Number of protein chains: 4
Amino acid sequence: MMDRRKPGGSRASTLRREPDNIQIMSGVFEEKTTGTPIMIWIENKDADSTSYEKYKDIFRPGHGDITYHAKYEIRDWRGGGRASARETSARVAAGAVAKEILRRENIDIIAYTIELGGIKANTIDLKHVFKNNYGCPDKNAVIEIEKRVEDIKKKGDSLGGIVEILVTGVPAGLGEPVFDKLDADIAKAIMSIGAVKGVEIGTGFKSSTMLGSENNDSITPDGFASNNSGGILAGISNGDDIRIRVAVKPIPSIVIEQDTIDKDKIPQKISIKGRHDISALPRINVVCESMAAIVIADHLLRQKAVIL
Amino acid sequence: MMDRRKPGGSRASTLRREPDNIQIMSGVFEEKTTGTPIMIWIENKDADSTSYEKYKDIFRPGHGDITYHAKYEIRDWRGGGRASARETSARVAAGAVAKEILRRENIDIIAYTIELGGIKANTIDLKHVFKNNYGCPDKNAVIEIEKRVEDIKKKGDSLGGIVEILVTGVPAGLGEPVFDKLDADIAKAIMSIGAVKGVEIGTGFKSSTMLGSENNDSITPDGFASNNSGGILAGISNGDDIRIRVAVKPIPSIVIEQDTIDKDKIPQKISIKGRHDISALPRINVVCESMAAIVIADHLLRQKAVIL
Amino acid sequence: MMDRRKPGGSRASTLRREPDNIQIMSGVFEEKTTGTPIMIWIENKDADSTSYEKYKDIFRPGHGDITYHAKYEIRDWRGGGRASARETSARVAAGAVAKEILRRENIDIIAYTIELGGIKANTIDLKHVFKNNYGCPDKNAVIEIEKRVEDIKKKGDSLGGIVEILVTGVPAGLGEPVFDKLDADIAKAIMSIGAVKGVEIGTGFKSSTMLGSENNDSITPDGFASNNSGGILAGISNGDDIRIRVAVKPIPSIVIEQDTIDKDKIPQKISIKGRHDISALPRINVVCESMAAIVIADHLLRQKAVIL
Amino acid sequence: MMDRRKPGGSRASTLRREPDNIQIMSGVFEEKTTGTPIMIWIENKDADSTSYEKYKDIFRPGHGDITYHAKYEIRDWRGGGRASARETSARVAAGAVAKEILRRENIDIIAYTIELGGIKANTIDLKHVFKNNYGCPDKNAVIEIEKRVEDIKKKGDSLGGIVEILVTGVPAGLGEPVFDKLDADIAKAIMSIGAVKGVEIGTGFKSSTMLGSENNDSITPDGFASNNSGGILAGISNGDDIRIRVAVKPIPSIVIEQDTIDKDKIPQKISIKGRHDISALPRINVVCESMAAIVIADHLLRQKAVIL
């Protein structure tokens, strides 16, 4: 289930192996869940702390090094900690369970790259998503993305992009009206993924420039005439597709030399070499998908808790 | 404290009076808080259910009418319910308490209009924010916004916009590293406000098109050389200003006739007249400010819970 | 619904009137709940702060005066605060809603006095519970209780007692296995009622002196042969009656003079006259019943949240 | 740290070895906690599922077999699950961390046997607690307990008892006034331990037979003249020792033959042989101590979350 987060053929991602050997430690018996918490153990057989040793007293720009230091006054610099992208493997594992719950209610969820390094997918053809190395639904865009990644890699720099999450089959009625609105919970879940700097639903930021007459979705006996709302109205699902877009910043670890300081506030130059991706996409896509799945599965279960 | 949410001189907002008479029912004794919950009672003396009566069996496009109906199979159509903008008065009241907590730690927070109806504030001069009817920090933009609002009002349509929230004086170290990241909690709190369709931190969506070398904030002995992160790194405040932008959709209640259906799925035409704002800004600004203040005050208190 | 908590004919309780005028402020529309929170407003028309004025700088033994002072360094001495028995009216109001949920699943709940001032009910005949002033299911015990109360009243002292809560019709399967065990949640809910000093389930403290062969409930095709478990095994309801007993301390407000101190730690004598009950039973009985009902309704709803 | 829960010399407990090899998997770096969750891994090297195989389709009286079956319709019968006493090892591990937090604030906590098999400790001399096999503070009682255990063991039966938890050095002011009262949270935490059927604070059930004038603790300039409250007044610690008593039922696994049914509701006889303790005390004592420590540490941290 975790193939998509794992690095692989994409030139935007590294060749570090991290074979995600999964062990289910509890909660499953004779091929069935027992109702107890499912503990999934994912050991990193390919961890290599030595490569982090040279940064142990220095704050990498764009990383949590300096904020962890400020918060805890102690920092485990060995890599793989809670600010590591590796932390997301747990989210994907939990998401796999959530997606199985959703599947039983015929809810499907998929995340894909709609922009990478400024190059946009102009068409959304879902059958292409898993046929290229960038999780992109536009095969023409993939060619340009490939070039862009290659170029930036040579320059020792990195790229960001935009992930879109599409959820189909969600029944109307999920979400709590005030603080636990469905979109509010989705926003929290997605924004809690490292590297995410923005979340929007439906027309999102674009809606701020639209007229009410353009942005409102007319209602017909057969459903909504458009889906500018992104499937959520007043915090509650309206039965239409839920559409979420996620802004992902460029990978902060770059070869290009940057200015920073060390723990003693002495200025330092830093150039980060090693096994770093050029872009968090497409590996982050399945993480976004997983977090959305967890939130929707949770609201689905809440909505079942009814006495008639 | 609630003057800003209350309607007033702005042509974008209505003249309905709703005198927000506030009564503190508990939690304050001899001018001091007692540690008990503070109950604030805001009675709407100007409520008028009759104007909603004609929509009681019809779903207003862009509103929660249809999703509440789907969720609960019963809908209190009399206005002022949980999907009403009036619900935000409670958020502003709680925000006033949160802001008092922040003030004691020298944390300031202000929200202002950086875009309305597609017209952007090109300069941010905070001293202008409360000198115009749109909460806008650019006095030249105000002139154009005024015209735009006037024009759209005549057409019976409505506008959206973008609110920016600026928080200064936040100490480094607030936020929990994984799910309760400071930006994740802010995203949820802001997205839980009706009409909000997007939230971004720092460079936000723009960061997705930037290079790592452009977006990373270099670190100097005197602090960060730039603030693309928006004051939060790896979910934890970095001591810099926190900068949040909020996408607000156009007001869904418009005079222009729209297609919809009624409870029996019969197609209907609807034109919504009455006391509706043209834009949720600037009245929503203080709501955004309040929700951010509540989240930051909460994380500030969490960070104090330490045994040394 | 609140008749039972209200004072009345019992000589153990006072004649203060506190007409519990109930106003439902939200959540109900056209005689039905709407899914929104139900706010119930119970105004105390008979509040009289002046009688508390003489205790404003002195700590009444057995009350929370000294602990509130220690915690908050400010104390609202006017009566009716969070440490007041009046706080329980909200619990009873919420319990009424919970009991309506339970009723729809044929779950019944009743609380009664099984001991007051050391006098035990020797028989449990539920039809007597509401036929006497002490909520006692043993009519012979009532006669002795009456005498005991009369005697203690003259002496200016007060009494405690034991409440039993009986819940019938609970389906097997409610409760979460580890921390949120059904009995754990019940224990918390009941212990959170002022004046409660102990909670036990089934044979409770007596089980500590029994043999395994005595205390285990044998299982037959028709159910359990006995109910020493009190209807809960390993934190999960077993389908049998849930039986809870609650230890209630004597009312701390007594006319008999006691030693105490004031805010400046100066020794003082205190004799508390006025409208105080001799015993928290039977008025506390419905509070116990309500808290148990809330917990069970909550677990019932959790158990409904299932995808098959 | 876990020596006390581990089985050992006591004749009431078995000789199964379960060497509790503890591995700290996260949260500690260079001998210090890092602020991240501390994951402690306790592998059971001595697990033996085969001994449970004969009970896989039969419900052991007094155990959760039948309630788990009712709740989940699937049951992992291999032992060591969530209804196993082994589950408490995690509580003890977490309690060790909590006790370290308390120690820094000079709060001490100890649990000991005050009754086992009906034999009461008549004196509380804490220096004896760890000098005998029953965690009992009365050396004379130990002699009788030893005989009682020996006798019951021969008969193939089991015993219950009462644990007392004593917490000294708790500052006044911990606990939240309404639902999260300190005693309410303690009651939940303790009742969530398997085999516990009752919890009382201070005079507890005995208070129900006392007069107000007897049970109230007079207040003097030097503190309370007595400690009937058990250190908690109105849900908030009063600075005195916190005293909790815990009713523990007899071990349900007994050699004596019992009536039960299997999954198909066919009557069966069951005699449980193997590595079962005669009494949950003294091994449960440190579990009680740990749960109380966790609650108090949590309330201590809450109370630190203050802006002055």
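### Here we look at the relation of the copies chain D and chain B
1) Next: With an RMSD of 0.0 Å, the operation that places chain D on chain B is a rotation of 180° combined with a shift of 0.0 Å along the axis. Classification of the inter-copy transformation places it as that of a two-fold axis. Using C-alpha coordinates, one finds that chain D approaches the rotation axis most closely at Ala 305 of chain D, a distance of 2.2 Å.
2) Next: When the interface residues of chain D are mapped onto chain B, 100% of them are again interface residues, pointing to one common binding face.

### Some thoughts on helix α2 (residues 65–72) of chain A
1) Next: With respect to burial, α2 of chain A is a largely interior element, 6 of its 8 residues being buried.
2) Next: Within α2 of chain A, burial applies to Asp 65, Ile 66, Thr 67, Tyr 68, Lys 71 and Tyr 72 of chain A.
3) Next: Those residues of α2 of chain A hidden inside the fold are in contact with β9 (219–220), β10 (223–224), β11 (232–233), β12 (236–237) and α8 (285–304) of chain B.
4) Next: Downstream of α2 of chain A by a residue or two, Glu 73 of chain A has a phi angle that is positive, lying close to 60°.

### A word on α8 of chain B
1) Next: In a regular helix each residue adds 1.5 Å, so 20 residues correspond to 28 Å; α8 of chain B covers 29 Å between its end C-alpha atoms and thus fits that length.
2) Next: Of all 20 residues in α8 of chain B, 14 are buried, a share of seventy percent or more.

### Looking at the interface of chain D and chain B
1) Next: Across the contact, 10 residues belong to chain D and 10 residues belong to chain B.
2) Next: Carbon and sulfur atoms supply 74% of the area that chain D and chain B bury against each other, a total of about 850 Å² over both sides.
3) Next: Per-residue buried area on chain D facing chain B is highest for Leu 301, Ala 305 and Ile 307 of chain D; these three make up 57% of the total on that side.
4) Next: Where chain D packs against chain B, one counts 0 salt bridges.
5) Next: Here chain D is connected to chain B by 0 residue pairs in polar contact (both at pLDDT 80 or more).
6) Next: Within the residue set of the side of chain D that touches chain B, elements represented by two or more residues are α3 (88–104) and α8 (285–304) of chain D.
7) Next: Its residues assigned to classes, the side of chain D that touches chain B shows 7 nonpolar, no polar and 3 charged.

### Observations concerning the packing of aromatic side chains
1) Next: Summed over all chains, the structure comprises 12 aromatic pairs over all chains.
2) Next: Relative to Tyr 72 of chain A, the ring of Tyr 68 of chain A lies with its centre 5.9 Å away and its plane at 55°, an arrangement referred to as tilted. Of this pair, Tyr 68 of chain A and Tyr 72 of chain A are both found in helix α2, 4 residues apart, which corresponds to roughly one turn of the helix. The same class applies to Tyr 68 of chain A as to Tyr 72 of chain A, namely buried.
3) Next: Positioned above the aromatic ring of Tyr 72 of chain C, the side-chain terminus of Lys 71 of chain C is 5.8 Å from the ring centre.

### Some remarks on the sheet that holds strand β7 (residues 161–168) of chain C
1) Next: Within the open sheet, the 10 strands sit side by side as β6(C)-β5(C)-β7(C)-β13(C)-β8(C)-β8(D)-β13(D)-β7(D)-β5(D)-β6(D). Their pairing is antiparallel. Because the sheet does not close on itself, it has two edges, and the strands there are β6 (119–120) of chain C together with β6 (119–120) of chain D.

### Comments concerning the relation of the copies chain B and chain A
1) Next: Least-squares fitting of chain B to chain A yields an RMSD of 0.0 Å, with the transformation described by 0.0 Å of translation along the axis and a rotation of 180°.
2) Next: Mapped onto chain A, 100% of the interface residues of chain B are again interface residues, and the two copies thus contact each other with one and the same surface.

### Some words on a nonpolar patch on the surface
1) Next: On the surface, Ile 22, Ile 24, Val 28, Ile 38 and Val 97 of chain A cluster together into a nonpolar patch covering about 350 Å² of accessible area.
2) Next: Position of Ile 24 of chain A among the secondary structure elements: in strand β1 (residues 21–26).

### Quick notes on the packing of helix α5 (residues 182–191) of chain A against helix α8 (residues 285–304) of chain A
Residue and element names in this part refer to chain A.
1) Next: Their axes nearest at 9 Å, the elements α5 and α8 cross at an angle of 145°. The handedness of the crossing between α5 and α8 comes out as right-handed. Two secondary-structure elements touch here, α5 through Leu 182, Asp 185, Ile 186, Ala 189 and Ile 190 and α8 through Cys 288, Met 291, Ala 292, Val 295, Ile 296, His 299 and Arg 302.
2) Next: Class assignment of the residues belonging to the contact of α5 with α8 gives a composition of 9 nonpolar, 1 polar and 2 charged.

### Some points on the sheet that holds strand β8 (residues 196–201) of chain B
1) Next: Here 10 strands make up an open sheet; going across it, the order is β6(A)-β5(A)-β7(A)-β13(A)-β8(A)-β8(B)-β13(B)-β7(B)-β5(B)-β6(B) and the pairing antiparallel. Both edges of this open sheet fall to β6 (119–120) of chain A together with β6 (119–120) of chain B, since each of them pairs with a single strand only.
2) Next: In this structure, strand β5 (residues 108–116) of chain B lies alongside strand β7 (residues 161–168) of chain B, joined through 8 bridges in antiparallel fashion. Within β7 of chain B, the residue paired with Asp 108 of chain B across the bridge is Thr 168 of chain B.

### Things to note about the interface of chain B and chain A
1) Next: At the interface, 92 residues of chain B touch 92 residues of chain A.
2) Next: Summed over both partners, the interface of chain B with chain A comes to about 6,700 Å²; 62% of that surface belongs to carbon and sulfur atoms.
3) Next: Summed over the shared surface of chain B and chain A, the result is 6 salt bridges.
4) Next: A salt bridge links Lys 188 of chain A to Asp 180 of chain B; the nearest nitrogen and oxygen atoms lie 2.7 Å apart.
5) Next: Counted by class, the side of chain B that touches chain A contains 42 nonpolar, 30 polar and 20 charged residues.
6) Next: Sheet analysis places strand β8 (residues 196–201) of chain A next to β8 of chain B, joined by 3 bridges and oriented antiparallel. The residue of β8 of chain B that forms the bridge with Gly 198 of chain A is Glu 200 of chain B.

### Describing the environment of Asp 76 of chain D
1) Next: Here Asp 76 of chain D lies in the loop between α2 (65–72) and α3.
2) Next: Along the sequence, Asp 76 of chain D and Lys 56 of chain D sit 20 residues apart, while their C-alpha atoms lie 8.2 Å from each other.
3) Next: In contact with Asp 76 of chain D, other than residues within four places in its own chain, are Phe 29 and Thr 34 of chain A.
4) Next: Within the structure, the side chain of Asp 76 of chain D is placed 2.6 Å from the side chain of Arg 78 of chain D, a separation counted as a polar contact.

### Digging into the packing of helix α3 (residues 88–104) of chain B against α8 of chain B
Residues and elements named next belong to chain B.
1) Next: One can describe the packing of α3 onto α8 by two numbers: an axis separation of 7 Å at closest approach and a directional angle of 45°. In terms of orientation, α3 lies oblique with respect to α8. In terms of crossing hand, the pair formed by α3 and α8 is left-handed. Contact with α3, carried on its side by Thr 88, Arg 91, Val 92, Ala 94, Gly 95, Ala 98, Lys 99, Ile 101 and Leu 102, involves Val 286, Val 287, Glu 289, Ser 290, Met 291, Ala 293, Ile 294, Ile 296, Ala 297 and Leu 300 of α8 and no other residues of that element.
2) Next: A per-class count over the contact of α3 with α8 returns 13 nonpolar, 3 polar and 3 charged.

Calculation rules
In this numbering scheme, every chain counts its residues from 1 along its sequence in written order. As a convention, the first chain written is A and the first ligand written is 1, with the rest following in written order. For a predicted model such as this one, the threshold for reporting local features is a pLDDT of at least 70, and the threshold for listing and counting side-chain atom pairs is 80 or more; totals across whole chains, interfaces and linings nevertheless cover every residue. Hydrogens and water molecules were not included; the side-chain quantities draw on all heavy atoms of the structure. In this comparison the copies share one frame, found by least squares on the C-alpha atoms of residues holding pLDDT of at least 70 in both. It only takes one pair of heavy atoms within 4.5 Å for two residues to be counted as in contact. The buried label goes to any residue with under 20% of its type's maximum accessible area, the exposed label to any with over 50%, and the partly exposed label to all in between, with areas taken from a 1.4 Å probe on protein chains only. Per the convention used, a helix needs a DSSP run of H or I reaching at least four residues, while a strand needs a run of E reaching at least two, with both numbered from the N terminus. Under the convention used throughout, the expected extent of a helix is 1.5 Å for every residue step, that is, one less than its residue count. By definition, the buried area sums, over both parts, the 1.4 Å-probe accessible area that each loses when the two are put together. Salt-bridge detection follows one rule: a side-chain nitrogen of Lys or Arg within 4 Å of a carboxyl oxygen of Asp or Glu. Contacts described as polar in this section are N or O atom pairs within 3.5 Å, which, within protein, must combine one atom able to donate a hydrogen with one able to accept it, while residues neighboring in sequence count only if both atoms come from side chains. Classes in brief: Ala, Val, Leu, Ile, Met, Phe, Trp, Tyr, Cys and Pro nonpolar; Asp, Glu, Lys and Arg charged; the others, Gly included, polar. A pair of aromatic rings is counted whenever rings of Phe, Tyr or Trp (Trp by its six-membered ring) have centres within 6.5 Å, and the orientation is called stacked for planes under 30 degrees apart, edge-to-face for over 60 and tilted otherwise. Our definition puts a charge over a ring when NZ of Lys or CZ of Arg is within 6 Å of the ring centre and also within 35 degrees of the ring normal. Pairing between strands is defined by DSSP: at least two bridges between the two strands are required. Only residues whose relative accessible area exceeds 30% and that form no salt bridge enter a patch; like-charged residues are grouped when within 9 Å of one another, and nonpolar side chains (Val, Leu, Ile, Met, Phe, Trp, Tyr) when within 5 Å. Surface accessibility in these figures is a Shrake-Rupley result with a 1.4 Å probe; residues are shielded only by whichever protein chains are displayed. Under this scheme, a helix contributes an axis fitted over its contacting stretch, all axes are lines through C-alpha atoms, and angles between N-to-C directions fall in the 0 to 180 degree range. Here a crossing is called left-handed whenever its near helix is offset anticlockwise from the far helix by less than a right angle, and right-handed whenever the offset is clockwise. Comment on the angle field: the value is read as roughly parallel under 35 degrees, roughly antiparallel over 145, roughly perpendicular from 65 to 115, and oblique elsewhere.

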